[in-house]
Amino acid sequence: MIEQQHIDRFIALLGPKGVTTDPDDVRPWTSDWRDRYHGAAAAILSPASTQEVAATVALAADLDIALVPQGGNTSMVGGATPPADGSALILSLRRMNRIRSLRADDNLAVCEAGVILSVLHDAAEDAGRRFPLSLGAKGSATIGGLVSTNAGGTQVLRHGTMRALVEGIEAVLPDGSIFDGLDALKKDNRGYDIKQLLIGAEGTLGVVTAAALRLVPAIAARAVGWVGVQTPADALALLRLTETMLGDSVEGFEVLADETLGFVLGHIPGTRAPIETRTPWHVLVEIDHADLSDPSPAERLEGALAEAFERGIAIDAAIATNEAQADAFWRIRESLSESERAQGPALQYDISVPVAKMPAFMIEAAAAAQARFPGTTASSFGHLGDGNVHFHVRAPKGTSDGPAWIAAEGQAINAFVHDAVVAAGGSISAEHGIGQMKRAELGRLASPARIAALCAIKAAFDPRGLFNPGKLIPLPDEI
Ligand SMILES: Cc1cc2nc3c(=O)[nH]c(=O)nc-3n(C[C@H](O)[C@H](O)[C@H](O)COP(=O)(O)OP(=O)(O)OC[C@H]3O[C@@H](n4cnc5c(N)ncnc54)[C@H](O)[C@@H]3O)c2cc1C
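Residues numbered from 1 in each chain as written. Predicted model: local features only at pLDDT ≥ 70, side-chain atom pairs only at ≥ 80, totals over all residues. Heavy atoms only, no water.

Comments concerning the overall build of the protein chain
- Looking only at helices and strands, one finds 17 helices and 18 strands in the protein chain.
- Taking 479 residues into account, the globule formula puts the C-alpha radius of gyration at 23 Å, and the protein chain, at 23 Å, falls close to it.
- With respect to the three principal axes, the spread of C-alpha positions in the protein chain is 70 × 55 × 45 Å.
- A buried classification covers 53% of the 479 residues belonging to the protein chain.
- Partitioning the contacts of the protein chain with sequence separation of at least 6, the portion at a separation of at least 24 is 74%.
- As displayed, the protein chain offers around 19900 Å² of accessible surface, 52% of which is attributable to carbon and sulfur atoms.
- Taking the average location of the 40 positive side-chain charges in the protein chain and that of its 58 negative ones, the two points are 2 Å from each other. (Helix = DSSP H or I, 4+ residues; strand = E, 2+ residues; numbered from the N terminus. Rg over C-alpha atoms; globule rule 2.2 N^0.38 Å. Buried < 20%, exposed > 50% of the residue type's maximum accessible area, 1.4 Å probe, protein only. Contact = heavy atoms within 4.5 Å. Areas by Shrake-Rupley, 256 points an atom, 1.4 Å probe, with all protein chains shown as cover. Lys, Arg positive; Asp, Glu negative; His and termini not counted. Charge placed at Lys NZ, Arg CZ, Asp CG, Glu CD.)

Next up, the structure:
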């Protein structure tokens, strides 16, 4: 445990507003969103400026205290949960929540790390622009967390992950020095790209304090459709058809099984099925135009769907007739994680395989998992066009003690699913990161060259291992 005299040093540095010690206020931030990991921390440090972050990090280094950077605490892999032995303090960016600038002429927003994603969405919209990355946790996830997990979401198909949207970064490195990389230069060949090393580093190389983010023109018109299909292979055929006919206006393309839709309808109040036919699989597709002189996106989507019916790819379809209906279609997609959580105990895998292999993987891996672990049900949903789905294995019906089921079966199911992913040439983490949940599996499955490079980079930035201990980097006995 960390001594009170050390906490007092942080209070002297940051003032009482910058240090939370009341256990009732600290506790909610010591468990993860899925309530899978439970840590402990004597305090949450919340500096209010980059200089205060730098001073906090320097003091922690002096006192040999580990820090766990935390944003909205929506990590799906226990990435922001402190260690259970109370040996670290939480470093929260919640008071650094200013949008420092937002320039439509430059298509650039400079945001502090604690800015919540939906706040940036609204500010960009007010300026006639938008930040083209969205996900179910947009009301809580912060820019610092999104950068540090290289988050993806539902617009990656067209705009890429955070790696493609971050133009510059300001960060405090483990020795307390400030890396000022907010210059957002189009061209910069000064050797290693420090910004890209920090993106996706999961708080293990330092703490991001601000980021310069690329904006795109606001949507002038959009069409959102819901399409019922027979198989994931048909869903992929529909994606390729819409891309061929509609070009890069395809902004979102999400796939889910009918069973998964049923969870949303059962658990999320006010939702209803967009089409009448309960087809085995469903697709949510959005096409966008930034230019009002283009023909109506709804007409263009209708044309593509007519062709899909003609070719026998689509079974049923609906195009939202107004914005409220379009939002209702998206609400279903954005509620999938929440409804899966409400459905009962499950193991979740955020995996990617080459796009062309994904339809077969979705069917075959689910069938194989169910056969190998009798009573379980498996299915997947998500970003088919990115070759990334969230593959869930649910506990047998009637399982009342989820943690006990996970303790008994989790390791075997993890290994089974991850081995199948690796055999298909994929990645065990497509967008959520490694955190503590997948650390040992990364150690088991990654090549020696990948592990050696990860460890060398970690040692170069944080030789004393004070940043987010126990996350991402496999322990020696896990390699
Ligand atoms: C309902 C739901 C849906 C989701 N959907 C998606 C999705 O579609 N795509 C996707 O990619 N993710 C998704 N996620 C996961 C999650 O929202 C993202 O990982 C998000 O980027 C985390 O942001 P956060 O601010 O909550 O970070 P936290 O959870 O607080 O932290 C995440 C990681 O980043 C580190 N970190 C946080 N802030 C900083 C900082 N300032 N500097 C350095 N390190 C930092 C933490 O130490 C931790 O390792 C979803 C989560 C939920 C709950």
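A look at the environment of Q155
- Residue placement: Q155 occurs in the loop between helix 5 (143–148) and helix 6 (156–159).
- You can call Q155 buried: its relative accessible area is 13%.
- Between the C-alpha atoms of Q155 and S134, which are 21 residues apart in sequence, the distance is 6.8 Å.
- The contacts of Q155, once residues within four sequence positions are left out, are R130, P132, L133, S134, G160 and E251.
- A distance of 2.9 Å separates a polar atom in the side chain of Q155 from a polar atom in the side chain of E251. (Polar contact = N/O pair within 3.5 Å; in protein donor to acceptor, adjacent residues only side chain to side chain.)

Re helix 12 (residues 323–334)
- Here helix 12 is twelve residues long and its end C-alpha atoms lie 16 Å apart, about the 16 Å a rise of 1.5 Å per residue gives.
- For helix 12, every residue scored as buried is listed here: A326, F329, W330, I332 and R333. Buried positions in helix 12, seen along its axis, are confined to an arc of 145° and lie on one side of it.
- At the N-terminal boundary of helix 12, the capping side chain belongs to N322, with an oxygen 3.2 Å from the backbone nitrogen of A324. (Expected span 1.5 Å × (residues − 1). Arc of directions from axis to C-beta.)

Quick notes on helix 9 (residues 232–246)
- Taking 1.5 Å per residue, 15 residues should reach 21 Å; helix 9 reaches 20 Å between its end C-alpha atoms and fits that length.
- Buried within helix 9 we find P232, D234, A235, L236, L238, L239, L241, T242 and L246.
- Buried residues belonging to helix 9 abut helix 6, strand 12 (221–229), strand 13 (250–257), strand 14 (281–289), helix 11 (297–310) and helix 14 (358–372).
- Among the residues trailing helix 9, G247 stands out with phi positive, at a value near 65°.

Observations concerning the packing of helix 10 (residues 258–267) against helix 13 (residues 336–343)
- Close contact between helix 10 and helix 13 brings their axes to 9 Å; oriented N to C, the two are set at 80°. One finds that helix 10 runs roughly perpendicular with respect to helix 13. Contacts between helix 10 and helix 13 involve T260, F263, V264 and H267 on the former and, on the latter, L336, S339, E340, A342 and Q343.
- Tallied by class, the residues present in the contact of helix 10 with helix 13 amount to four nonpolar, four polar and one charged. (Axes fitted to C-alpha atoms, helices over the stretch in contact; angles between N-to-C directions. Parallel < 35°, antiparallel > 145°, perpendicular 65-115°, else oblique. Nonpolar A, V, L, I, M, F, W, Y, C, P; charged D, E, K, R; others polar.)

Some details on the nonpolar core
- If you look at the biggest cluster of nonpolar residues, it comprises 46 residues, and the most contacted ones within it are V283, F361 and F391.
- If near-sequence neighbours (up to four positions away) are discounted, F361 is found in contact with I351, V353, A366, F391, A420, V421 and A424. (Core = buried A, V, L, I, M, F, W, Y, C linked by side-chain atoms within 4.5 Å.)

Structural notes on the pattern of salt bridges
- Throughout the structure, instances matching the rule amount to 25 salt bridges.
- Of the charged contacts in the structure, one is a salt bridge between E251 and R158, with a shortest N-O distance of 2.8 Å. Here R158 lies in helix 6 and E251 lies in strand 13, a separation of 93 residues in the sequence.
- Residue classification places E251 among the buried positions, given a relative accessible area of 1%.
- The shortest N-O distance in the salt bridge between D183 and R190 comes to 3.5 Å.
- Exposure remark for D183: the relative accessible area of 42% places this residue in the partly exposed category.
- The class for R190 is exposed, based on a relative accessible area of 62%.
- Ionic contacts of the salt-bridge type, sharing partners, join the residues R98, R100, E112 and E170 into one network. (Salt bridge = Lys/Arg side-chain N within 4 Å of Asp/Glu carboxyl O.)

Points about the site of the ligand
- Near the ligand lie 35 residues; those nearest to it are P69, G71, T74, S75 and T142.
- One of the backbone N or O atoms of N73 is found 2.9 Å from an oxygen atom in the ligand.
- Within the backbone of S75, a nitrogen or oxygen atom sits 2.8 Å from an oxygen atom of the ligand.
- Coverage of the ligand by the protein chains reaches 97% of its 970 Å² of free accessible surface.
- Elements with a minimum of two residues in the shell around the ligand: strand 3 (66–70), helix 5 and strand 10 (207–214).
- The element contributing the most residues to the shell around the ligand is helix 5, with four residues.
- Each of domain 1 (4–92) and domain 2 (99–217) gives at least three residues to the shell around the ligand. (Near = heavy atom within 4 Å. Domains from an automatic or database assignment.)

Side note on empty space enclosed by the protein
- Considering all chains together, one arrives at three cavities of 30 Å³ or more under this definition.
- Lining the largest cavity are R34, M76, V77, Q348, Y349, D350, H390, H392, H432, M437 and K438.
- Within the residue set of the lining of the largest cavity, elements represented by two or more residues are strand 16 (346–352) and strand 18 (388–394).
- Of the residues forming the lining of the largest cavity, the biggest block, three residues, is contributed by strand 16.
- Among the residues making up the lining of the largest cavity, the classes are represented as four nonpolar, four polar and three charged.
- The residues that make up the lining of the largest cavity include at least three from each of domain 1 (4–92) and domain 4 (344–423). (1 Å grid on protein atoms, 1.4 Å probe; cavity = no way out; pocket = protein on both sides within 12 Å on 5 of 7 lines; lining within 4 Å. Points joined across faces, edges and corners; volume = space filled by probe spheres on them.)

Considering the domain arrangement of the protein chain
- Along its sequence, the protein chain is organised into domain 1 (4–92), domain 2 (99–217), domain 3 (221–337), domain 4 (344–423) and domain 5 (439–478).
- Averaged C-alpha coordinates put domain 1 and domain 3 at centres separated by 42 Å.

Thoughts on the pairing of strand 14
- Most of strand 14 is tucked away: nine of the nine residues are buried.
- Every second residue of strand 14 is oriented toward a common face, with W281, V283, V285, I287 and H289 on one face and H282, L284, E286 and D288 on the other, all of them buried.
- With nine bridges connecting them, strand 12 and strand 14 associate as antiparallel partners. Opposite V227, over in strand 14, you have V283 as the bridge partner.
- Where strand 13 lies against strand 14, seven bridges are found, and the strand directions are antiparallel. In the sheet register, F253 faces strand 14, and the bridge partner there is V285. (Pairing = 2+ DSSP bridges.)

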